[in-house]
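Take a look at the letters that make up each chain.
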Amino acid sequence: MTSLTNKRSEGQYNGEINLSVIGPYIEYLVEKQDVKSVFINGTTGEGCSLTVDERKQLAAAWCQHGKGKLEQVIVHVGCLSIKDSQELARHAASIGADGIAVVSPSYFIPINADALKSFIKEVSAFAPELPMYYYHIPSMTGVAFDAADVLNGIEQVIPSFQGVKYTGTDLRDLGQCVHYCQARGWSVLFGVDEQLLGAFVLGADGAVGSTYNYFGRVVNQLLAAFDNGNHMQARALQFKSMEMITFAKNLGFDVAVNKQVMSEVSGLAMGPPRLPLLPCPLSKAQAIAQKIKDFSQGH
Ligand SMILES: CC(=O)N[C@@H]([C@@H](O)[C@H](O)[C@H](O)CO)[C@@H](O)CC(=O)C(=O)O
């Protein structure tokens, strides 16, 4: 996640980063949501809308405030320019991040999996000691080839490769990623919150998503129920998450709405999004937040 403050200039919301909320937000995540690992500067954090310098400041603040409180800080370093990604990778290593992730560039989209593999390799070379994850999110990047094709043989060119953050709904491809990753002791972190249980049945072993900012405790219970073989309970909790997300989607749900919901539920002001995203009307965020509070109360 990322917090932006509201700075209005010439009628436009640029959104400035607000580092002061990160410390309190980490306390909130750990204590109220039972969330101890974070993936920062990704989609929810609007990483691709931020400057390299802003991304460095955010990454440094998360690592600094998270010390002794968070188990893992994974920094997303994907950019359109490979040089920016390399600089962010080097920076992440220098501040003690636990891992880095790279999304595919999305203006000049790699023509095939080998081209993307080369991109990730060249970024990884600037932080060879850090576990590297490929961030697969075809709905945003327009990448048309399988994530499994990106993984195939990647350990030969990126020794630090550790897995994939899979934000897609293709179960065939996901299954192939799990099969490949399991054999190498890597992770598959799933990113479609409303389908998490299905991905765990298939063998995914981690979850990264926007709704865990306020539904983290409930989803941790879902995963514990699944681990204990209590599938009825796991299913019931996934149905709750599905219902909440469907409610939000019917009202219109995006990163900007999510950010406002995070403010409403945590009580910490996250600020508005940065253009081209538009601020979410308060009434919408409050309606979603109320639904979440109702759901969470029983758990
Ligand atoms: C496209 C998108 O924003 N996907 C979200 C999901 O958490 C998504 O909001 C959720 O499943 C509701 O559809 C995450 O995968 C994004 C994410 O993990 C990130 O912040 O990098």
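Under the annotation held in an unreviewed UniProt entry, the chain carries the name N-acetylneuraminate lyase and is attributed to Labeo rohita. What UniProt records for the chain under Sequence similarities (unreviewed entry) is the sentence "Belongs to the DapA family. NanA subfamily." Recorded in UniProt for the chain, the comment headed Subunit (unreviewed entry) runs: "Homotetramer."

1. A short note on helix α3 (residues 82-94)
Taking 1.5 Å of rise per residue, 13 residues should cover 18 Å, and α3 covers 18 Å from first to last C-alpha, within 8% of that figure. Looking only at α3, the buried set comprises S85, Q86, L88, A89, H91 and A92. Each element contacted by the buried residues of α3 is listed here: α2 (52-66), β6 (72-76), β7 (99-103) and α4 (113-124). Looking at the residues trailing α3, positive phi occurs at G96, about 85 degrees.

2. Points about the site of the ligand
The immediate surroundings of the ligand are formed by 17 residues, with T44, Y135, G191, E194 and S210 found nearest. For the ligand, an oxygen atom lies 3.4 Å from a polar atom in the backbone of V208. Here the ligand, which alone exposes 490 Å², has 88% of that area covered by the protein. Considered class by class, the residues forming the shell around the ligand number six nonpolar, seven polar and four charged.

The rules behind each value
- Residues numbered from 1 in each chain as written.
- Predicted model: local features only at pLDDT ≥ 70, side-chain atom pairs only at ≥ 80, totals over all residues.
- Heavy atoms only, no water.
- UniProt positions renumbered as here; feature names shortened; annotations may be inferred.
- Helix = DSSP H or I, 4+ residues; strand = E, 2+ residues; numbered from the N terminus.
- Expected span 1.5 Å × (residues − 1).
- Buried < 20%, exposed > 50% of the residue type's maximum accessible area, 1.4 Å probe, protein only.
- Contact = heavy atoms within 4.5 Å.
- Near = heavy atom within 4 Å.
- Polar contact = N/O pair within 3.5 Å; in protein donor to acceptor, adjacent residues only side chain to side chain.
- Areas by Shrake-Rupley, 256 points an atom, 1.4 Å probe, with all protein chains shown as cover.
- Nonpolar A, V, L, I, M, F, W, Y, C, P; charged D, E, K, R; others polar.

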